[in-house]
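Structural features, examined
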Amino acid sequence: LARVYEKLIEPAIHRKYFVSDLSRLNYPMMREMWASIRKRARAGGQQKVPVVLTNHPKDIRDWDAIERFVGELAEAKDVEFLTLTQLAEKLRSGELPVRSA
């Protein structure tokens, strides 16, 4: 019961989710996740923030939601799609600085 509260109820109350596996989210949750990412990126003061969203095709239950979400991101002016190789190159070159605690 405590685990259910910690993993499901408390995040819903505080509107704080850390799941970026698209196959586990419905469309409204994808939009909420993206709004949260944008908010945290602005609060961090960085011009560019890498975000990796994952999923496994065998786990996807709602292809339409993912297609709609990715379509919106593709039209967004503040989003750039990269391969993981391109991300690694930007990290290595310092274009995307690595912060540590």
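All values derive from a computational prediction rather than experimental measurement. Within each chain, residue numbers correspond to sequence positions counted from 1 in written order. The predicted nature of this model means local features are confined to residues of pLDDT at least 70 and side-chain atom pairs, given and counted, to a pLDDT of 80 or more, with totals for whole chains, interfaces and linings taken over all residues. Side-chain descriptors were evaluated using all non-hydrogen atoms of the structure, hydrogens and water having been removed beforehand.

1. Quick word on the layout of surface pockets
The method is simple in principle: a probe with the dimensions of a water molecule rolls over the atoms, and the space it marks as empty is what remains. Note the following rule: Of the grid points, spaced at 1 Å and generated over the protein atoms alone, those admitting a 1.4 Å probe that cannot get out make up cavities, while open sets with protein on both sides within 12 Å along at least five of seven lines make up pockets; any residue with an atom within 4 Å of a point is treated as lining. Grid points are joined across faces, edges and corners, and a volume is the space filled by probe spheres set on the points. A run of DSSP states H or I qualifies as a helix once it reaches four residues; a run of E qualifies as a strand once it reaches two. Both are numbered from the N-terminal end. By the convention adopted, Pro, Cys, Tyr, Trp, Phe, Met, Ile, Leu, Val and Ala count as nonpolar, Lys, Arg, Asp and Glu as charged, and the other residues, Gly among them, as polar.
Size it by volume and the largest pocket reaches roughly 860 Å³. For the largest pocket, the lining is made up of 30 residues, of which Trp34, Val49, Val51, Val79 and Glu80 are closest to its centre. Every element with two or more residues in the lining of the largest pocket is listed here: α2 (27-44), α3 (63-75) and α4 (84-93). Looking at the lining of the largest pocket element by element, the count peaks at five residues for α2. Residues of the lining of the largest pocket, tallied by class, amount to 18 nonpolar, five polar and seven charged.

2. Brief notes about the packing of aromatic side chains
Put simply, the rule reads: Here is the rule: rings of Phe, Tyr and Trp (six-membered ring for Trp) pair when centre to centre is within 6.5 Å. Planes less than 30 degrees apart are stacked, more than 60 are edge-to-face, and the remainder are tilted.
Per the counting criterion, the structure on display carries one aromatic pair. Between the aromatic rings of Trp34 and Phe69, the centroid separation amounts to 6.4 Å while the plane-to-plane angle is 75°, which identifies the pairing as edge-to-face. A residue pair is termed long-range when its members are at least 10 positions apart, and Trp34 in helix α2 and Phe69 in helix α3 qualify at 35 residues.

3. Brief notes about α3
The test is simple: Given a helix with a known number of residues, its expected span is that number minus one, times 1.5 Å. Classification of residues uses two cut-offs on accessible area relative to the type maximum, computed with a 1.4 Å probe and protein chains only: under 20% is buried, over 50% is exposed, and between them is partly exposed. Directions drawn from the helix axis to the C-beta atoms are what define this arc. The contact criterion used is simple: two residues touch if any of their non-hydrogen atoms lie within 4.5 Å.
Under the 1.5 Å per step criterion, the end-to-end length of α3 is 18 Å for 13 residues, consistent within 8% with the ideal 18 Å. Those residues of α3 that sit buried are Ala65, Ile66, Phe69 and Leu73. Mapping the buried residues of α3 onto a view down its axis gives an arc of 95°, with all of them on the same face. Pointing more than 90 degrees away from the buried face of α3 are the exposed residues Asp64, Glu67, Arg68, Ala74 and Glu75. Here the buried face of α3 lies against α2.

Geometric descriptors of this kind do not, in isolation, establish any biological role.
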